[in-house]
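Structural overview for review
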Amino acid sequence: MRAECYYDDYDKKENLHFDSKVVHGALGCDPMTGSLSFPIFQTATYKHRSFDVSTGYLYSRLQNPTRQELERTMAILEEGFEAFAFTSGQAAHMALFGMLKDGDHIILSDDLYGGTFRIAEDIFRELGCDFEYVDMSDIENLEAAMKDNTKMVFLETPTNPMMRVSDIRKVAEVAHKWNAVFVVDNTFLTPYFQKPLTLGADIVTHSGTKYICGHNDVIAGIVVIKDDTYSDHFHMQLKSRGNGLGPMDSWLLIRGLKTLSLRMEKHNSNAKIVAEWLRKHPKVKKVYYAGFEDHKGYQISLSQTTGFGGMISFELDSLDTARKLLSDVKMILFAESLGGTETLVTYPLTQTHESIPADIREKLGINERFIRISIGIEDPRDIIADLEQALG
Ligand SMILES: *Cc1c(COP(=O)(O)O)cnc(C)c1O
């Protein structure tokens, strides 16, 4: 069947700078009507023009113009070949791990989002995959762990929640020496601050729920691929698992992306102010923040990112202080998640990292006094005032 389609031609907008690209997306406007706001194609299926002519759209599980606009925009922003939007970050990682086979060895960051750990251990280990957790902020650890059957290296940098930073270029070099596919979960920094595909990664993933959406109102996931090697794999995942993001949620992400640059700047500058304040507080024992000049990965960050993001973790002096902080915050919200306009405090021990075995958690330092904070875009004076009264 021949396809005749208004939505096929888009300009990669290579002449534009990043802050303009987030605003103008891939097509930007609707090519048929000129609608400035990209339409929400709330449809399951598409009418064919005649016996042998279609619009290129067959069925929304496979293709939907609103999802496609989001995917093309993400591919432009991450400087990749193609992107895929899923119903959650978890669904994106399920689709990614769908390329693994019985007998494959996979290396993941040892300090990892709990849900990713759960996919590995509860689903793919059962299928015969062997997962190993490595602190890749020391490249020697990765070199020592690589095996002939290492199929994938999966990196978070900075890590969640310990904010460890790994050298993406060096990890790429090691992974590729062993012919492993190298994946970076770029949820924490977004392409505004870090573009892993330009530093050697093969695939970038996001929990689109976080900074990409930015407003704590959608669950979504994104995969971006560097070239066409895994294109068929991800199309097949969307087609067979039926895990593509719906048109309304895709539109909310397109809408959220327009302010990505502004939001990331504010998250970044607020986090710097709050991290420095936390460090001086007598009840705060240790602050984990990638933007401190004495952070172990500071020089690496300067070489591969243009900012440190909005995430901070810290250890308090006692469980009582932690309990008081989480109960007494007023403007700041005690909730699981990150990357939105509101400042959120999270208790990794029982929330995001509950799935991580106790021995690994302890080794990392995730204890009963450990707090993670996602700095929002409010006035930093209000964030500090709230922390001050809640810490007591
Ligand atoms: C939240 C998160 C995920 C999971 O994404 P969901 O959208 O919640 O399914 C994966 N990785 C990181 C780093 C996250 O913060």
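About the cut-offs
Residues numbered from 1 in each chain as written. Predicted model: local features only at pLDDT ≥ 70, side-chain atom pairs only at ≥ 80, totals over all residues. Heavy atoms only, no water. Helix = DSSP H or I, 4+ residues; strand = E, 2+ residues; numbered from the N terminus. Rg over C-alpha atoms; globule rule 2.2 N^0.38 Å. Contact = heavy atoms within 4.5 Å. Areas by Shrake-Rupley, 256 points an atom, 1.4 Å probe, with all protein chains shown as cover. Lys, Arg positive; Asp, Glu negative; His and termini not counted. Charge placed at Lys NZ, Arg CZ, Asp CG, Glu CD. Buried < 20%, exposed > 50% of the residue type's maximum accessible area, 1.4 Å probe, protein only. Polar contact = N/O pair within 3.5 Å; in protein donor to acceptor, adjacent residues only side chain to side chain. Salt bridge = Lys/Arg side-chain N within 4 Å of Asp/Glu carboxyl O. Near = heavy atom within 4 Å. Nonpolar A, V, L, I, M, F, W, Y, C, P; charged D, E, K, R; others polar. Pairing = 2+ DSSP bridges. Axes fitted to C-alpha atoms, helices over the stretch in contact; angles between N-to-C directions. Parallel < 35°, antiparallel > 145°, perpendicular 65-115°, else oblique. Left-handed = near helix turned anticlockwise from the far one by under 90°. Core = buried A, V, L, I, M, F, W, Y, C linked by side-chain atoms within 4.5 Å. Domains from an automatic or database assignment.

Section: the overall build of the protein chain
Scanning the protein chain from terminus to terminus reveals 14 helices and 14 strands. Radius of gyration (C-alpha) of the protein chain: 21 Å, near the 21 Å computed for a compact globule of 392 residues. With the C-alpha coordinates of the protein chain rotated into their principal frame, the extents come out at 75 × 50 × 35 Å. If you take every contact in the protein chain between residues at least 6 apart in sequence, the share linking residues at least 24 apart comes to 72%. Carbon and sulfur atoms form 51% of the exposed surface of the protein chain, whose accessible area is close to 16,300 Å². A distance of 2 Å separates the average location of the 42 positive side-chain charges in the protein chain from that of its 56 negative side-chain charges.

Some words on the side chain of Asp135
Following the sequence through the fold, Asp135 ends up in the loop between strand 5 (130-134) and helix 5 (139-145). Taking relative accessible area as the criterion, Asp135 reaches 19% and is therefore assigned buried. Polar side-chain contacts of Asp135 include one of 2.6 Å to the side chain of Ser137. At 3.5 Å, the side chain of Asp135 and the side chain of Arg164 are in polar contact. Residues within four places of Asp135 in sequence aside, it is in contact with Asp110, Asn141 and Arg164.

Some thoughts on the pattern of salt bridges
Evaluated as defined, the whole model comprises 16 salt bridges. The salt bridge partner of Lys324 is Asp328, with a shortest N-O separation of 2.9 Å. Of this pair, Lys324 and Asp328 both sit in helix 12 (residues 319-328), 4 residues apart, which is roughly one turn of the helix. Overall, the relative accessible area of 32% leaves Lys324 in the partly exposed class. Look at Asp328 and you get partly exposed, because its relative accessible area is 30%. A single salt-bridge network, built from bridges that share partners, covers Glu121, Arg125, Asp130 and Lys147.

Looking at the site of the ligand
Close to the ligand lie 13 residues, the nearest being Gln90, Asp185, Ser207, Thr209 and Lys210. Within the side chain of Asp185, an N or O atom sits 2.8 Å from a nitrogen atom of the ligand. Contact with the protein chains covers 93% of the free accessible surface of the ligand, which is 380 Å². Here the element with the most residues in the shell around the ligand is helix 3 (residues 89-97); it accounts for 3 residues. Among the residues forming the shell around the ligand, the class breakdown is 3 nonpolar, 8 polar and 2 charged.

Details of the sheet that holds strand 4 (residues 105-109)
Across the sheet, 7 strands lie side by side as 3-9-8-7-6-4-5; this open sheet has mixed pairing. If you trace the sheet from one side to the other, it starts and ends with strand 3 (82-86) and strand 5, each paired once. This sheet shows a mean twist of 20° between the axes of neighbouring strands, independent of strand direction. Pairing geometry for strand 3 and strand 9 (residues 221-225), over 5 bridges, is antiparallel.

Comments concerning the packing of helix 3 against helix 4 (residues 114-124)
With their axes 10 Å apart at the nearest point, helix 3 and helix 4 run at an angle of 45° to one another. The pairing of helix 3 with helix 4 is recorded here as oblique in orientation. Every pair of crossing elements has a handedness; the one defined by helix 3 and helix 4 is right-handed. Facing helix 3, whose interface residues are Gln90, His93, Met94 and Phe97, helix 4 presents Gly115, Thr116, Arg118, Ile119, Ala120, Ile123 and Phe124.

A few points about the nonpolar core
One finds Leu70, Leu142, Val153, Phe182 and Leu253 to be the most contacted residues of the largest nonpolar core, which totals 54 residues. The leading source of residues in this core is helix 6 (residues 168-177), at 5 residues. Inspection of this core shows a minimum of three residues originating in each of domain 1 (2-257) and domain 2 (262-391). Non-local contacts of Leu70, meaning those with residues more than four positions away in its chain, are made with Ala85, Ile222, Leu245, Ser250, Leu253, Ile254 and Leu257. Core analysis: the next-biggest nonpolar cluster, separate from the first, contains 31 residues, Val274, Leu278, Ile384 and Ala390 among them.

Some points on the sheet that holds strand 12 (residues 333-334)
In spatial order, the strands read 10-11-14-13-12; together these 5 strands make up an open sheet with mixed pairing. At either end of the open sheet lies a strand with only one pairing partner, and these are strand 10 (284-288) and strand 12. With 3 bridges connecting them, strand 13 (residues 344-346) and strand 14 (residues 370-374) associate as antiparallel partners. Bridging across to strand 14, Leu344 finds its partner in Ser374. Packed onto the sheet, helix 10 (residues 260-280) meets strand 10 and strand 11 (311-316) and runs at close to 10° relative to strand 11.

Function cannot be read off these values alone, since they describe shape.
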